Amino acid sequence: MLSFDILVPAVFNGLAMGAIYALVALALTLIYGVLHIINFAHGALLSMALFAAFFAFHLFGIDPYIVVFLLAPLFYAFGYALQRFIIGPVSRGDDRNMLLVTLGLAVFIENALLNVFRADTRTIDAAYAFQSVDFGFAFVVVPRIVAFFAVFVVAAALWLLLSVTDIGKAIRAVAKEKLGAELVGIDVAHIYAVTFGLGTACVAIAACLLIPTYYVNPHAGEAFVLIAFTIVVLGGMGSVLGALIGGFLIGVVESLSGLFFGESLGQIGIFLLFIFVLLVRPSGLFGARA
Amino acid sequence: MKTLALIGVVVAVLAAVPLVIHSNVALNFLIVTLLVALAGQGWNVLGGYGGQYSFGHAAFFGTGAYVTAILQVRYGVNAWVGFGLGIVGGALVGAVIGALTFRSGLRGSYFALVTLAFAEVLRIVASVAPITGAGVGTLMKLDLRPQALQFESRAVFYWVILALVAVVLVVTHLIERSRFGAWLVAVRENEDAAVALGVNAFKIKLQAMTVSAAITAAAGCFYVQYFLFVDSGIGYGTWISIEALLTPIIGGVGTLFGPLVGAIVVKSLGETAKLVTGDAPGLDLIFYGAVLILVIWLTPRGLIGGLTVLKKWYLRRLVPRRPLVSDARHG
């Protein structure tokens, strides 16, 4: 029987990691909810953002928590352009084509990174990376705590944007009824691109929160995003609440199964859960659509 | 009959290549091209004719390769028998995954995701299970005898893979002309309508997936006979899932010769890119990603689809159009 002293910190660390999973999943689910596509380029975009955060620190000594305010708008613009000028025009609205275009983008970006930066795994050594806070019953490193609270701030901001602003209303209108939105004069192509941009910005924020305690290589994002897919499916495609809860749940499951079964089998646990949910309840725990 | 004759001509021309080209490097390139074409032919049965886009055909390729290798190395099974059982193994994996996913009604992006996840699970299992050699992989013994399905001359290997491609061309042609093929296309075009007309979509998709998996598994079996090595990254890696879908989509999705044309174009492009800029990692894949996007943009039905459009346009310019009823009505 494992003692309480090991279990509790594992749960805490799982929750902190789960927060970042939740953020990446939030971006996926937002894009799915509006565009109805699964963005296979998500992982490649995350790798790209990790590299950007890494080099900002490595070359210019800019802290990830500061560079995030530069990277988020930059990645928003990049995501906007990707959807507006590549994914949209190339796929002409056909589902299968969208699937393939995002896959093509993923292959392209990932291997461009591989070609330029090689397969080396890099880490940054920020002064605070290993400082930990004692909660009495568990130690948690500072970056994980920052990530935990930052994700709530981002989620709240996103919620505010979607529920209060005009652009948010337009996004929700397009998600609900694309043709109707178009008829009342909403520029659907623009809204699609805005949504994709927002999702990409979330990925950039996740990268900045992740880099102090994680590593970067051209495939770093890929592994991460398969987990994000699991969360999105678990929580229900397009459900924001589902993505948040699913993120924390998976973070804890991963942390605990890593503790019990070791690293690589812990990964299998997530995939099996993923396949199981897809087969048994593809609409997820919070999803309305089958 | 016309199509069968065309297959005969194409295969005969390709079969004559080793009589002219003796360079081992060139033959190796051609063998790998045909290998990828074969994997793509498998994908094309399910993805091209059935409209079910799998992102995880590595699951079948890897199973074929591992079954062939493990049976020979660990159980001393004859290579030819191992090859056949490898195909059967791949088909079984395809049937199981197909039964599970189609039973739950997964379509489109969901189907792509779940096939990807199955391939990943198999990759992780193969990288830790003792029987696959875990992280080290499985190395086969060099035994250059025809009964061991290994040949001293690359030309013979080339003819073997060409024969496999030729058989699949004929099989695909028969599927195209059969009732099963018509049902499969009906499911692709509109599954709900097909079901409403009495097509058993589940059964049709499952059969297509089993055939598709068997063909891609054959490519895996051949891979291990030729390179004598497989590990989890090769067998179940994403590279083969991508190449298996890339070749038919670039060549012409749902067309008989699509995968073959696609493989030749894609592999030539990749090799040219390497020749021009040196052997940098990931360079060929950068090209694949770009070509994939370009082809979907310019000609969604692939190169063969593009040619058909050009041909129609050309004929329309040559042959004066007869006025049709619909034309008359619309002025």
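Up top is the structure.
Here is what the cut-offs are and how they apply
Residues numbered from 1 in each chain as written. Chains lettered and ligands numbered in written order. Predicted model: local features only at pLDDT ≥ 70, side-chain atom pairs only at ≥ 80, totals over all residues. Helix = DSSP H or I, 4+ residues; strand = E, 2+ residues; numbered from the N terminus. Rg over C-alpha atoms; globule rule 2.2 N^0.38 Å. Buried ≥ 20, exposed ≤ 12 C-beta atoms within 10 Å, placed from the backbone. Contact = placed C-beta atoms within 7 Å. Axes fitted to C-alpha atoms, helices over the stretch in contact; angles between N-to-C directions. Parallel < 35°, antiparallel > 145°, perpendicular 65-115°, else oblique. Nonpolar A, V, L, I, M, F, W, Y, C, P; charged D, E, K, R; others polar. Core = buried A, V, L, I, M, F, W, Y, C linked by C-beta atoms within 7 Å.

## Let's talk about the overall build of chain B
The helix and strand tally for chain B stands at 15 helices and 2 strands. Since a compact globule built from 331 residues should have a radius of gyration of about 20 Å, the 21 Å found for chain B is in line with a globular shape. Taken across its 331 residues, chain B has 49% of its residues classed as buried. Put simply, 77% of the contacts in chain B that link residues at least 6 apart link residues at least 24 apart.

## Topic: the packing of helix H11 (residues 238-251) of chain B against helix H12 (residues 258-277) of chain B
All names here are of chain B. Relative to each other, H11 and H12 sit at 105 degrees, their axes nearing to 6 Å. Considering their axes alone, H11 and H12 lie roughly perpendicular with respect to each other. Contact residues: H11 offers Leu-246, Thr-247, Pro-248, Ile-249, Ile-250 and Gly-251, while H12 offers Gly-258, Pro-259, Leu-260, Val-261, Gly-262, Ala-263, Val-265 and Val-266. Of the residues belonging to the contact of H11 with H12, the class tally is 10 nonpolar, 4 polar and no charged.

## Focus on the nonpolar core
Among the nonpolar cores identified, the biggest contains 205 residues, and Leu-23, Val-24, Ala-49 and Ala-53 of chain A together with Leu-38 of chain B are the most heavily contacted of them. A total of 18 residues in this core trace back to one element, the largest contributor, which is helix H1 (residues 4-35) of chain A. Discounting chain neighbours no more than four positions away, the residues touching Ala-53 of chain A are Pro-64, Val-67, Leu-71, Ala-207, Cys-208 and Ile-211 of chain A.

## Let's talk about the environment of Arg-84 of chain A
All names here are of chain A. Inspection of the secondary structure puts Arg-84 in helix H3 (residues 64-91). Here Arg-84 falls in the partly exposed class, since 17 other C-beta atoms lie within 10 Å of it. Sequence separation of Arg-84 and Ala-189 is 105 residues, and the distance between their C-alpha atoms is 6.8 Å.

## Things to note about the interface of chain B and chain A
Every contact between the two is made by 33 residues of chain B and, on the other side, 33 residues of chain A. If you list the elements that add at least two residues to the side of chain B that touches chain A, you get helix H5 (108-128), H11 and helix H13 (283-298) of chain B. Ranked by the residues each element gives to the side of chain B that touches chain A, the list is headed by H5 of chain B, at 13 residues. For the side of chain B that touches chain A, the class distribution of residues is 27 nonpolar, 5 polar and 1 charged.

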